[in-house]
Amino acid sequence: MQKSGVVTSALLWGCSSVSVRRALLAVLLLLAVIAFTRLVQQDLPQLYPGQYRFLHCTTASESADLPLFRVLSVVDNGAQAFARQLCDSSVMGQYYSAVEVHWRPRSELSARDIVEERYDLFWSRDRRVQSLVPNFDQYYQTVARLPDYSVAWFSLQQTPALTPEYFYSHSIGLLEDMQSNSHFLMPLMHLKELGVDLTRTRIRYYPNYHALQQAFWSGDVDLISDSDWLQEMTGDRPLFRTLIDNHASMGRWYARRHRPRAVDCVLVQGLQQLVDSLQDAELLVTFDNVPEACR
Amino acid sequence: MSETVYPPRNSIWQPLLWFVLLLALGFASQHYGNRQQVAHSLARWLPAEAVHALKDVYGRGDPVIQFVQRTNRDLLYQLRGDQCVVQLQQLYGGKHISWWPFRTLIPWREGGTIHQALFSVRCDTRWLPLLVWSLLFAALIAGMGRLLPAPLSASRVTWLRQLLLEGGSWQQAWADSRRVLQWSPAHQQMLSLLSGSWKLPLRSVLPALRAAGFEHFDARQLQWLQVGLQQSQGDLYQALQVAQAEDELLFNADHGALTLHGVSITLSSTPYCYYLWYASLRQQDPAGGWYVNPSIQRPDTTMAASVSDLMEQCGGHRKAINELQQHGLRAKTLDQNRNKIKDELVAVVGEDLAADYLFESERDPYTGRSRYRLAASKVRIHGLLPSQSEKITRENSVT
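How each quantity is defined
Along every chain, residues carry numbers that run from 1 in the direction the sequence is written. A letter from A marks each chain and a number from 1 marks each ligand, given out in the order of writing. Under the rules for a predicted model, residues below a pLDDT of 70 receive no local features and side-chain atom pairs below 80 are neither given nor counted, while totals for whole chains, interfaces and linings still include all residues. Computation of side-chain values: all heavy atoms of the structure, hydrogens and water removed. Residues are treated as being in contact if the distance between any of their heavy atoms lies within 4.5 Å. Defined here as a combined quantity, buried area equals the accessible surface (1.4 Å probe) lost by two parts on assembly, summed across both. Salt bridges are defined by distance alone: a side-chain nitrogen of Lys or Arg within 4 Å of a carboxyl oxygen of Asp or Glu. Two aromatic rings, drawn from Phe, Tyr or Trp (for Trp, its six-membered ring), form a pair once their centres lie within 6.5 Å of each other, and the interplanar angle then sorts them: stacked below 30 degrees, edge-to-face above 60, tilted otherwise. Note on conventions: DSSP H or I runs of at least 4 residues are helices, E runs of at least 2 residues are strands, and numbering of each starts at the N terminus. Only protein chains enter the calculation, and the probe is 1.4 Å; a residue is then buried if its accessible area is under 20% of its type maximum, exposed if over 50%, and partly exposed in between. Counting as a charge over the ring demands two things of the Lys NZ or Arg CZ atom: a distance within 6 Å of the ring centre and an angle within 35 degrees of the ring normal. Cysteine sulfur atoms are paired as a disulfide whenever they come within 2.5 Å of each other. Both site types are read off a 1 Å grid over the protein atoms alone. A 1.4 Å probe that fits but cannot get out defines a cavity, while an open set with protein on both sides within 12 Å along at least five of seven lines defines a pocket; lining residues have an atom within 4 Å of a point. Grid points are joined across faces, edges and corners, and a volume is the space filled by probe spheres set on the points. Two N or O atoms count as a polar contact when they lie within 3.5 Å, although within protein this holds only if one can serve as hydrogen donor and the other as acceptor, and sequence-adjacent residues are included solely when both atoms are side-chain atoms. When residues are grouped by polarity, Ala, Val, Leu, Ile, Met, Phe, Trp, Tyr, Cys and Pro land in nonpolar, Asp, Glu, Lys and Arg in charged, and all others, Gly among them, in polar.

Contacts between the two partners involve 54 residues from chain B and, on the opposite side, 52 residues from chain A. Taken over both partners, the interface formed by chain B and chain A buries close to 5100 Å², and the fraction arising from carbon and sulfur atoms is 62%. Ranking the residues of chain B by area buried against chain A places Asp56, Tyr58 and Gln78 of chain B at the top, with a combined share of 15%. The interface formed by chain B and chain A holds two salt bridges in total.

Below is the structure:
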């Protein structure tokens, strides 16, 4: 039998068969139901993350072609006021169209950020930036040096004793963040100096500073290392302290070498206000590489 | 005769049932769809964002609470125009929450542990589109059975197959077979005959039939068509001419020819002449035209003269003319010839069709003898002298 004959017979059978018609009806019904369920659905907008890691504000600049002024910090404390102050400045408006203040974990600062000069102003420590890019000074220069501060062991029960046995019998709370000076590097270096065998200690690591403090106040850990600012949050509770180091570096603010010098005074004022907002006691900030008149 | 009772086809219950079903399905689909869209959209950004919000953070306050607050504030803002409220209710770290159908859980992996964010999704039902679409689709689905053509009948398939086998296109075969099925069974049977017995290709038969107005043929015309086919040995063109021919008896006296409804019939000369004679009687007097058989004892000599004249003209047998002149017109001769005519006609067109062209008889009220006349009132006679026919009439009326 010819192929066309087979096709014709099949078509004729299909057109005359009740079962084929039923099957066709079932398929149509299915399609209709699928189409219906799609049609009654609502198209919701694509949800997107809020801008939780930076603040953005625009300056009074008339031209949108001007570059962005980008600031990198570690904490968001005071970021809002700082961004506002920069955006409100008419001098900034002459050189920049907008200001962005980012806060990110320290580990995210990369050599690429530096060589590509992605940030106009950022906070870090000298040993960190020098280790990232050896000729760091060709890209950035220090504009503000924060004063040294004290780091100490704190306990709610008794004054921590600087003996290995004390640390073996008391649990210690630290941060997971290996870039942290006060909560990771300095306490561990201190334990090494004291000859403590780390394998015999009970150290617990926390993902963020808030979690670490909660663990300390609730007694989950006996000891933490922190700056003296912890004392401001003690309230009525007795707090016992043993000094680790009173010359801990609080780090520096770096600015791009290639920047309009006219904005320096605005940066100085902004940084001073930012540092002041971090704690009650006045901190002595040393400004470098900025015009004398601004200091 | 048994009657099958069908449920009312235009019942309102079926569409109503579909409407209710669709409404329920649509309601579920709307809410499920919202949930899916929200979950899909959140899963794209939440994990990365949550990791950054919670890890290595030095800000004041609990970063978890801050993250939840910020997220909820933003979700409220982003969905403000959509009658939907999506809220991050809780963040779980480390332990795995069991699956639950009415929860929107976004899981992610960070540092070897599983984290999960539990969202509540509450959207207002959008009744208007739901009702409108349910109504439309209920009507569509309920009407689908009627929109979809019924399966083809067996006879339609037979016609289709035959048309396709003859190499016709699907489109043409489809249209032709549909037209054929609109015909009466008798017409369809005739088509089967044409295609089956006479082996005529439908491809040429159908246009010819259409041109001839076949579908308007009555039962009698169909019979004539069949006669025509037999006469012409399957020539459809000629057969159709027979079927469409006028309902009349046509004599061409010059040639001794006789055409009956378009069918040529050959009679031997004597019966032909008697047939012509009866026809001329009827033609002259459409209302009457009767001729009473002469009595057995006394043949009709008056009429015999005119009949013998007619015989001379139409080429009747010499012997028959002599007999007429010697003995007059006898009843026996008339009966014999009428029977011969009948036999010939029936042999060609069949008893049924022939009846209209044969003789009708009744008893003459005056003589008590039978009288006969041609049944067909529509008769045309060519080639007969007008005087002759007038003479016949006059003599007949005298009788």
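Having seen the model, we can carry on.
Attention now goes to the packing of aromatic side chains. Residues and elements named next belong to chain B. Scanning the model with the defined rule gives 23 aromatic pairs over all chains in all. Judged by centre distance (6.2 Å) and plane angle (80°), the rings of Trp224 and Tyr357 are edge-to-face. Placement of the pair is Trp224 in helix H8 (residues 219-232) and Tyr357 in the loop between helix H13 (331-354) and strand E8 (359-363), with a sequence separation of 133 residues. Where Trp277 meets Tyr278, the ring centres are 5.0 Å apart and the plane angle is 55°; that geometry is what we call tilted. Judged by its relative accessible area of 1%, Tyr278 falls in the buried class. What links up through ring pairs into an aromatic cluster is the set Phe251, Tyr272, Tyr275, Trp277, Tyr278, Tyr291 and Phe359. Residue placement shows Arg80 over the ring face of Tyr77; its charged tip is 4.1 Å from the ring centre.

Residues and elements named next belong to chain A. The full count for this structure, using the stated rule, is four disulfides over all chains. The disulfide partner of Cys265 is Cys294, and the gap between their sulfur atoms is 1.7 Å. Handedness of the Cys265-Cys294 disulfide follows from its S-S torsion of about -60°: it is left-handed. Remark: Cys294 occurs in the segment after strand E12 (286-287) and Cys265 occurs in helix H10 (residues 264-278); sequence separation between them is 29 residues.

A volume near 890 Å³ is recorded for the largest pocket. Around the largest pocket sit 38 residues that line it, and Val75, Asn77, Trp229 and Leu278 of chain A together with Tyr58 of chain B are the ones nearest its centre. Looking at the lining of the largest pocket, the elements that each hand over two or more residues are strand E2 (68-73), helix H3 (79-88), helix H8 (181-193), helix H9 (209-217), strand E9 (223-227) and H10 of chain A. In terms of residue count, H9 of chain A provides more of the lining of the largest pocket than any other element does, five residues in total.

This next bit is on the side chain of Gln87 of chain B. Residues and elements named next belong to chain B. Residue position: Gln87 is located in strand E1 (residues 84-93). At a separation of 3.4 Å, a polar atom in the side chain of Gln87 contacts the main-chain carbonyl oxygen of Asn72. In contact with Gln87, other than residues within four places in its own chain, are Asn72, Leu76, Leu118, Phe119 and Ser120.

This brings us to empty space enclosed by the protein. Under the counting rule described, the total for this entry stands at two cavities of 30 Å³ or more. The space that makes up the largest cavity amounts to roughly 180 Å³. Around the largest cavity, the lining comprises 17 residues; the ones closest to its centre are Trp103 of chain A together with His52, Ala53, Val57 and Arg70 of chain B. For the lining of the largest cavity, the secondary structure elements donating two or more residues are helix H1 (13-54) and helix H2 (63-78) of chain B. A per-element tally of the lining of the largest cavity places H2 of chain B first, with four residues. Its residues assigned to classes, the lining of the largest cavity comprises nine nonpolar, three polar and five charged. There is about 60 Å³ of room inside the second largest cavity.

Shape is all these values report; function is a separate question.
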